[in-house]
Amino acid sequence: MVSSRDTFQTRAPLAVGDRRYEIFSLERLAARGLDASRLPYSLKIMLENLLRHEDGKSVDPGDLEALAHWKPSGSPEREIAFTPARVLLQDFTGVPAVVDFAAMRDAIAALGGDPKRINPLLASELVIDHSVQVDAYGSPAAFRVNADKELERNRERYAFLRWGQTALANFRVVPPDTGIVHQVNLEYLARVVFDRDDDGARLAYPDTLVGTDSHTTMINGLGVLGWGVGGIEAEAAMLGQPISLLVPEVVGFRLRGSLPEGATATDLVLTVTETLRKKGVVGKFVEFFGDGIASLSLADRATIGNMSPEYGATCAIFPIDAETIAYLRFSGRSPERVALVETYAKAQGFFRTAATPDPLYTDTLELDLATVVPSLAGPSRPQDRVPLAQSKELWRKALPKLVGPPKKDASQKAGERRLETEGGNPAPKLPASDPEDAQPGAVHARLDGHEFDLAHGSVVIAAITSCTNTSNPSVMIGAGLLAQKAVERGLESKPWVKTSLAPGSKVVTEYLRESGLMPALEKLNFHLVGYGCTTCIGNSGPLPEPVSDAIRDGGLVAVAVLSGNRNFEGRINPDVRANYLASPPLVVAYALAGRMDIDLYREPLGRGRDGEDVFLRDIWPSPQEVRDTLRSALTPEMFAEQYADVFRGDEHWQTLEVPTGDRFAWDPGSTYVRRPTFFDGMTRAPQALRDIDAARVLVLLGDSVTTDHISPAGSIPKASPAGAYLIEHGVSPADFNAYGARRGNHEVMVRGTFANVRLRNLLAPGTEGGWTRHLPDGETMTIYDASVRYQKDGVPLLVIAGKEYGSGSSRDWAAKGPYMLGIRAVIAESFERIHRSNLIGMGILPLQFAAGQNCESLRLDGTEQYRIGGVSEGLAPGRQIEVVARTDRGAEKRFEVQARIDTPVELDYYRHGGILHFMLRQLL
């Protein structure tokens, strides 16, 4: 790493006990006339980052002066270069990153360079947590069955990661069945203050990071500045490339008071999500302050930070304080680390106390914690909060829009089966939205000796899952206590509910067992199914066949209730149309009720063994019960024991056959890991930019299209282009695995792009799923097949969309897939931050309609031919450029759009055809 020029002479000693460190001191910077004492906490961290990386090139004294003199009321104009201390990956996004590193080694060798130059320069850590699926549940054997299936399905991927661990420097892998990446980060990986050797001294500086999962922001609860980026951006950071961004606006969120009895951290975060999404904080930093912070545990803060992507903020950070230090000590960090964090934070003005003056912010809002009430969010967006007291009423209002196609008769079903058998693939029709089309009748089903009726609103999945809540002991203990009380009263989970418990780390099961609550959870069928991101990422596994058949035969709107952070359409399970986020105790409650159409305040969950009605209030644990149980069950020794040898893995991991060599030996027959074509034909110098002419629209979309819609991570349907590809390559449908597990194979992923079963392409009205019309002939076909035809004819392609295009997970394939489909530009009303960056990283031009304009106001229907001028000459950050839309009859419509290339560095990436191409040429 390049040593700082330290123009302002801020390098200073720091004594921590008998240890000596050096720091870049903000106090010394203030003595030079650059006082940062009233800066937001997050900007103080960024200011130190600039001090430490001042090289006169990516960071110069003017950048330091601009940030130190940050004006809260100013609009973002200054570009700065942020260099994180480390990069965090999970396996869905990490496998493609390692694939790209392997491909880049091949590419640089082909151009005459040294493959060994392709290495992470920053500490890079990957946690395998996204590949376990809930196949088995409701039995003590569920964990072992799912773990064995995970290894069987992913052996090739895991061997590839083991190769990366040995071939690449600065790269470590946490093996499967350990925990969810963000909880492992919170409990173990996060340093809070980093230290390393530097010119013979020991340099201390803030632990900062970027991660390939949007929920990297969970670590903000620990006072660590970090956020999610696309996998493409992360790979560049791993190679030492600073992350270019405009000095952000920082919104201060004042918290007052404390949570009332009955409200959980989940209810708080759903309230915060709703509030901030309404406020509008996309692309901004959010920072929490106020006396209410002191009433929140570290886990509560992490829960709030975790859902930053759901309200659109880049990060959502809490300052370091006494609670931070207590958590580090309790979670088993070394005494030396804890002392360094506390001493460093106080020396730099990072440590908050009740006497600390409030920072200056761009804007502020506040929340009285006492006003938080029990809540859900759904049925398809995390920001759509539903007060529990109104859940029944709001469910009934939501139902008409969720109802599927009219129930099919036997002849229709037989025809569909025949088409599938014969290879046909008819475009499915849109679901009916008229309440009169709803199918109100129940469908009778039998399962494991039980007979029951399913109807609209039947809860068929109840999952305690995801990083958001399983990291929080209070809500996990709350779920266990509620289960214990329910069992004591004689209640049982309904037989049609697929239940699961997927903790974020092994520490969770330790304290659940120590508290004696695990038997009650298991009695209600909440057995351990795995340590990883399961239902929340779409790895819910198939529903029991009788339940699935009843849903499909009846056209039922089935419901999933999960303690996750994502509930987008088509994400959780293909048989489930409505998904609600809830606290773990409420997940258990809905498993007992078995239906969404219930008022949990006034209607009983069921009858106890004494024949009396049992209400939710009868079994809801008090805050004191939760605190007492936590105090007796959770110990620091649990953290130390579970993380003692976290990188070693079990016998299965250790005995994997691992490829060797500096360059990966690609298997041409592999359906999991293939050399991507991104670098094929790459030259040492970039080609000149060209205008986009005679382009066609491949996909025309409305508002709030997520990366789940663009690049789904769920199951791979047999009757889909990706399914057909796998069958052609000898893979049986039972072994398809999920899209996420196939991210190392570009052939599968390009076929899965825009293949979400709930996608509604307005260019192909009357369809749902991955369908479009090929133009100008108007033939309806899959989006993939149309793209192949267009590319064969040399036709560039566009996507046109509404507001918040690309919200959701930080999926690199949501940009890689469109690139491989031949999409050259996306025109949208607005973009989510990560996806916009990813598009540029793949050489796709993001363009934004002028304020108040969209397809409707411009009377565009997507059938036109488009010309985008001003690209070949004079393209600049934020420039207005003209688009000409020509109908097939020759009529023209002209309008201006803004190039959402926001910084000069992003323009460099675009000129080179993407960020990885830029990095390769830099290394040459």
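Cut-offs applied
Residues numbered from 1 in each chain as written. Predicted model: local features only at pLDDT ≥ 70, side-chain atom pairs only at ≥ 80, totals over all residues. Heavy atoms only, no water. Helix = DSSP H or I, 4+ residues; strand = E, 2+ residues; numbered from the N terminus. Rg over C-alpha atoms; globule rule 2.2 N^0.38 Å. Buried < 20%, exposed > 50% of the residue type's maximum accessible area, 1.4 Å probe, protein only. Contact = heavy atoms within 4.5 Å. Lys, Arg positive; Asp, Glu negative; His and termini not counted. Charge placed at Lys NZ, Arg CZ, Asp CG, Glu CD. Pairing = 2+ DSSP bridges. Right-handed = clockwise from strand over helix to strand, strands pointing away. pLDDT = per-residue confidence, 0-100. Axes fitted to C-alpha atoms, helices over the stretch in contact; angles between N-to-C directions. Arc of directions from axis to C-beta. Polar contact = N/O pair within 3.5 Å; in protein donor to acceptor, adjacent residues only side chain to side chain. Phe/Tyr/Trp six-rings, centres within 6.5 Å; stacked < 30°, edge-to-face > 60°. Lys NZ or Arg CZ within 6 Å of the ring centre and 35° of its normal. Salt bridge = Lys/Arg side-chain N within 4 Å of Asp/Glu carboxyl O.

*Asks:* Help me out: how do you make sense of the overall build of the protein chain in this one?
*Replies:* When you go through the protein chain residue by residue, the secondary structure sums to 33 helices and 34 strands. Radius of gyration (C-alpha) of the protein chain: 27 Å, near the 29 Å computed for a compact globule of 924 residues. Along the three orthogonal principal directions, the C-alpha set of the protein chain runs to about 75 × 75 × 55 Å. The 924 residues of the protein chain split such that 61% are buried. The contacts of the protein chain with a sequence gap of at least 6 include a subset with a gap of at least 24, amounting to 77%. Here the protein chain contributes 101 positive and 117 negative side-chain charges, whose respective centroids are spaced 2 Å apart.

*Asks:* Is there a simple way to think about the side chain of Asp-63 in this case?
*Replies:* Counting through the fold element by element, Asp-63 comes out in helix H3 (residues 61–68). For Asp-63, a relative accessible area of 6% puts it in the buried group. Leaving out residues up to four positions away in the same chain, Asp-63 has contacts with Leu-50, Ser-58, Arg-78, Glu-79 and Ile-80.

*Asks:* How should the pairing of strand E13 (residues 285–289) be read in this particular structure?
*Replies:* Consecutive side chains of a regular strand alternate in pointing toward one face of the sheet and then the other. Judged by how many residues are buried, E13 sits mostly within the fold: five of five residues are covered. Here E13 shows a buried face lined by Phe-285, Glu-287 and Phe-289 and a second buried face lined by Val-286 and Phe-288. With five bridges joining them, strand E12 (residues 250–256) and E13 adopt parallel strand pairing. Along E13, the bridge assignment pairs Arg-254 with Phe-289. In terms of handedness, the path from E12 via helix H8 (residues 265–279) over to E13 forms a crossover that is right-handed. When E13 meets strand E14 (residues 315–317), the two strands line up parallel, connected through three bridges. Opposite Phe-285, over in E14, you have Cys-315 as the bridge partner.

*Asks:* Any chance you could explain the confidence of the model for the protein chain here in plain terms?
*Replies:* Low pLDDT marks regions whose predicted coordinates should not be analysed in detail. Here the protein chain averages 92 in pLDDT, and 95% of its residues register 70 or above. Here residues 428–439 scores under 50 on pLDDT; set against residues more than four positions off or in separate chains, the count is 32 contacts.

*Asks:* I tried to follow the sheet that holds strand E33 (residues 880–886) on my own but got confused; where do I start?
*Replies:* Two pairing modes exist for strands in a sheet, parallel and antiparallel, and in both the strands are linked by backbone hydrogen bonds. Taken in spatial order, the seven strands line up as E26-E29-E30-E31-E34-E33-E32 and close into a barrel, and their pairing is mixed. Averaged over neighbouring strand pairs, the angle between their axes works out to 40 degrees when direction is ignored.

*Asks:* So what exactly am I meant to see when it comes to helix H11 (residues 322–330) here?
*Replies:* Quick reminder: α-helices carry 3.6 residues per turn. Residues three or four places apart thus point the same way. For H11, the complete set of buried residues consists of Thr-324, Ile-325, Tyr-327 and Leu-328. Along the axis of H11, the buried positions cluster into a sector of 160 degrees, meaning they face one direction only. A side-chain oxygen of the first residue of H11 lies 3.0 Å from the backbone nitrogen of Glu-323; this N-cap is Asp-321. Gly-332 sits one or two residues past H11 and shows a positive phi near 90 degrees.

*Asks:* Hey, could you run me through the packing of aromatic side chains in this one?
*Replies:* The geometry of two aromatic rings is summed up by the distance between their centres and the angle between their planes. The full count for this structure, using the stated rule, is 26 aromatic pairs. With centroids separated by 6.0 Å and ring planes inclined at 65 degrees, the aromatic side chains of Tyr-344 and Phe-350 adopt a geometry described as edge-to-face. Taken together, the ring pairs connect Phe-160, Trp-163, Phe-664 and Trp-666 into an aromatic cluster. The aromatic ring of Phe-615 is capped on one face by Arg-617, whose charged end is 4.3 Å from the ring centroid. Residue placement shows Arg-742 over the ring face of Tyr-672; its charged tip is 3.8 Å from the ring centre.

*Asks:* It is not clear to me how the pattern of salt bridges should be interpreted in this structure. Could you clarify?
*Replies:* A side chain with one charge may pair with a side chain of the opposite charge, provided their charged atoms come close. For the structure shown, the criterion picks out 61 salt bridges. With a closest N to O distance of 2.9 Å, Arg-52 and Glu-48 form a salt bridge. Of this pair, Arg-52 and Glu-48 both sit in helix H2 (residues 41–52), separated by four residues, roughly a single helical turn. The same class applies to Arg-52 and to Glu-48, which are both buried. Note that Arg-86 and Glu-125 form a salt bridge whose closest N and O atoms lie 3.6 Å from each other. Separated by 39 residues along the polypeptide, Arg-86 in strand E4 (residues 86–90) and Glu-125 in strand E5 (residues 123–127) bring together distant segments of the chain. A relative accessible area of 2% places Glu-125 in the buried class. Connected through shared salt-bridge partners, Arg-86, Glu-125, Arg-172, Arg-191 and Asp-207 make up one network.

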